[in-house]
Amino acid sequence: LDLILSAVEVALRDPLRTIRDLFYFPQNAEGESLLYFCGNSLGLQPKNVRQYVLQELDDWAKYGVEGHFHAKNPWMPYHELLTEQMAGIVGAMPVETVVMNTLTTNLHLMMASFYRPTPERYKILIESDAFPSDRYAVASQAQWHRFDPSDAVLELRPRSGEVLIRAEDIASTLEQEGSKIALVMLGGVNYYTGQVFDFKEIARMAHAQGCMVGFDMAHGAGNIPLQLHDSGADFAVWCTYKYLNAGPGNLAGCFVHERHARHFDLPRFAGWWGHNKTTRFNMRYAFDPLPGAEGWQLSNPPILSLAALRASLDVFTQAGGIGVLREKSVALTRYMEALLLQLPTDRIQIITPAGPEQRGCQLSIQVRNADKSLHERITAAGVISDWREPDVIRVAPVPLYNSFQDVADFVERLRTCLEVAG
Ligand SMILES: *Cc1c(COP(=O)(O)O)cnc(C)c1O
């Protein structure tokens, strides 16, 4: 009851109530808004995106190539317009932050520089239930260096009968295998369970063993305060279309710790956009990388996509930033958890950790004896959520655009669907 009361209290003084109106909500055939809980897969469209993209379309029409210098927001340095806000969201310094490419591409670029296996130290540590793209990426990197992925890719597994990975098991794996591990590459927030790892402690332990450390923050960026710089990780990557609402397939973020900003001898895959800005157009000089994360850029970026991202970052700023969002998020998720635990059924188990320091907004709900037909009923009841085989519903109440009322409505509809399921 205390939890519900405190949630109600936060709801009443919810400073983000009106921010919800800055987003479009998908509707059913009757024109009623659906309950949207899939911000962990694709964030909703901020209404200002159209105007930001139109600006660039207009300037392209008006200026042609001259838009690189004369557009209202000149395209040459356009990516720089995003750096400060993005750095703020992930707790990094601007020099450590760049928006470029897409997530898996950035992961490969980072591994080209930070996965440097030797015959003695060649393993990559990853969670056993990592997002498939990350597993493919690390396995193919090992293979690229002529190692057998079944030997080189080391998986962190939950203990049998458990779903979460215990901190002490990460510690003991690093102690036992650390001298053979070249790179620790974990999803900072697990996409399936919503478990948040202790980034700083993992980086500290891994560095003590001489490993490099990278995090895939796809489910962390815009969800929880990350403090990437303080974590000490060597690199991190994240996408912008989940909690950052930049639109399907939009560009990704990349973090390279400041300590590597001037490591120009690090091997890297290079392109002209990572080259010294003052001589970039001379086209004849040897590659002269920019200091910091910018030095890993390859191509001139797609401005229309960056415009959409800029619009969504402006909404983030307008909402007061990640600290304000996190405060509401903790209350909102707690509220959902409390309502779920009060349902008169023993079929439901929340596999996401119970403490807010170990999770973001997502709850992964395991439903005993359920199959996909349950998800179909939930969908028919006007809820957009995510189903993971065999029996898990993932829902993410997002503080930017989900209300406490949304949460209450969802749990009520879930209750009805479970009753029908018998
Ligand atoms: C969403 C997600 C991806 C998707 O990768 P793209 O390259 O953006 O298609 C990869 N890894 C994780 C952990 C994710 O959550």
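Note that the coordinates shown come from a computational prediction; the quantities given were computed from them, not determined experimentally. (Residues numbered from 1 in each chain as written. Predicted model: local features only at pLDDT ≥ 70, side-chain atom pairs only at ≥ 80, totals over all residues. Heavy atoms only, no water.)

Let's shift gears to the overall build of the protein. Regarding its fold elements, the protein presents 14 helices and 13 strands. Against the globule reference of 22 Å for 422 residues, the protein gives a C-alpha radius of gyration of 22 Å, in line with a compact fold. For the protein, the spread of C-alpha atoms along the three principal axes comes to 70 × 60 × 35 Å. For the protein, buried positions account for 56% of its 422 residues. Pairs at least 24 residues apart make up 70% of the contacts formed inside the protein by residues separated by at least 6 positions. A total of about 18,200 Å² of accessible surface is found on the protein, and carbon and sulfur atoms cover 53% of it. In the protein, which carries 38 positive and 48 negative side-chain charges, the distance between the mean positions of the two groups comes to 2 Å. (Helix = DSSP H or I, 4+ residues; strand = E, 2+ residues; numbered from the N terminus. Rg over C-alpha atoms; globule rule 2.2 N^0.38 Å. Buried < 20%, exposed > 50% of the residue type's maximum accessible area, 1.4 Å probe, protein only. Contact = heavy atoms within 4.5 Å. Areas by Shrake-Rupley, 256 points an atom, 1.4 Å probe, with all protein chains shown as cover. Lys, Arg positive; Asp, Glu negative; His and termini not counted. Charge placed at Lys NZ, Arg CZ, Asp CG, Glu CD.)

Okay, the site of the ligand next. If you check the shell around the ligand, you find L103, T104, F131, D134, D216, A218, H219, Y241 and K242 and nothing else. Within the contact set of the ligand, an oxygen atom lies 2.6 Å away from a side-chain nitrogen or oxygen of T104. Taking Y241, its side chain carries an N or O atom lying 2.5 Å from an oxygen atom of the ligand. Across the shell around the ligand, the residue classes tally to four nonpolar, two polar and three charged. (Near = heavy atom within 4 Å. Polar contact = N/O pair within 3.5 Å; in protein donor to acceptor, adjacent residues only side chain to side chain. Nonpolar A, V, L, I, M, F, W, Y, C, P; charged D, E, K, R; others polar.)

When you line up the elements, P132 lands in helix α6 (residues 132-144). Taking the C-alpha atoms as reference points, P132 and G31, 101 residues apart in sequence, are found 36 Å from one another.

Below, the discussion takes up the packing of aromatic side chains. Summed over the entire model, instances satisfying the criterion amount to 14 aromatic pairs. Summarising the aromatic geometry, the rings of Y191 and Y192 are spaced 6.3 Å apart at their centres and angled 50 degrees between planes, so their arrangement reads as tilted. Neither residue differs from the other here; Y191 and Y192 are each classed as buried. Here the aromatic rings of Y335 and F404 are separated by 5.7 Å at their centres, their planes lie at 50 degrees, and the arrangement is tilted. Here Y335 is found in helix α12 (residues 322-341), whereas its partner F404 is found in helix α14 (residues 404-421), with 69 residues between them in sequence. Here Y335 matches F404 in class, with each residue buried. These aromatic residues form a ring-pair network of at least three members: F23, F25, Y36 and Y401. Just above the ring of F131 sits the side chain of K242; from NZ or CZ to the centre is 5.0 Å. (Phe/Tyr/Trp six-rings, centres within 6.5 Å; stacked < 30°, edge-to-face > 60°. Lys NZ or Arg CZ within 6 Å of the ring centre and 35° of its normal.)

Moving on: the pairing of strand β13 (residues 392-395). Of the two faces of β13, the one lined by V392 and R394 and the one lined by I393 and V395 are each fully buried. As paired elements, strand β10 (residues 363-367) and β13 share four bridges and run antiparallel to each other. Residue L363 lies in a different strand from β13, and its bridge partner there is V395. Relative to β13, strand β12 (residues 386-388) is paired through three bridges, and the arrangement is antiparallel. When the sheet's bridge partners are listed, R388 is paired in β13 with V392. (Pairing = 2+ DSSP bridges.)

Residue position: H375 is located in helix α13 (residues 372-380). When residues no more than four places from it in sequence are discounted, the contact partners of H375 are S385, D386 and W387.

Now for the packing of helix α4 (residues 80-90) against helix α11 (residues 303-318). With their axes 10 Å apart at the nearest point, α4 and α11 run at an angle of 45 degrees to one another. By the angle between their directions, the pair α4 and α11 is classed as oblique. Crossing of α4 over α11 shows left-handed handedness. Here α4 contributes L81, L82, Q85, M86 and I89 to the contact with α11, which in turn contributes L306, L309, R310, L313, D314, F316 and T317. Grouping the amino acids of the contact of α4 with α11 by side-chain chemistry returns eight nonpolar, two polar and two charged. (Axes fitted to C-alpha atoms, helices over the stretch in contact; angles between N-to-C directions. Parallel < 35°, antiparallel > 145°, perpendicular 65-115°, else oblique. Left-handed = near helix turned anticlockwise from the far one by under 90°.)

The next thing to look at is the sheet that holds β12. Read across the sheet, four strands follow the order β9-β10-β13-β12 without closing on themselves; strand pairing throughout is antiparallel. Two strands in the sheet have a free side with no partner beyond their single neighbour: β9 (348-350) and β12. Strand-to-strand twist across the sheet, computed as the mean angle between neighbouring axes with direction ignored, equals 30 degrees. Sheet topology note: the β9/β10 ladder contains three bridges and is antiparallel. Within β10, the residue paired with I348 across the bridge is V367. Against the sheet, α12 makes contact with β9, β10 and β13, and its axis sits at roughly 15 degrees relative to β10, the strand it touches most. Lying over the sheet, α13 contacts β10, β12 and β13, oriented at roughly 180 degrees with respect to β12.

What follows is about the pattern of salt bridges. One pass over the structure, following the stated rule, counts 19 salt bridges. Between E155 and R135 there is a salt bridge whose closest N-O contact spans 3.0 Å. Of this pair, E155 sits in strand β4 (residues 153-156) while R135 is found in helix α6, placing the two residues 20 residues apart along the sequence. Between R157 and E155 there is a salt bridge; the shortest N-O distance is 2.7 Å. Its relative accessible area of 27% is what places E155 among the partly exposed residues. A single salt-bridge network, built from bridges that share partners, covers R159, E162, R166, E168 and D169. (Salt bridge = Lys/Arg side-chain N within 4 Å of Asp/Glu carboxyl O.)

Next up on the list: the nonpolar core. Membership of the largest hydrophobic core comes to 70 residues, with the highest contact counts inside it found for V184, L228, W238 and L400. Tallying contributions element by element places α11 first for this core, with nine residues. (Core = buried A, V, L, I, M, F, W, Y, C linked by side-chain atoms within 4.5 Å.)

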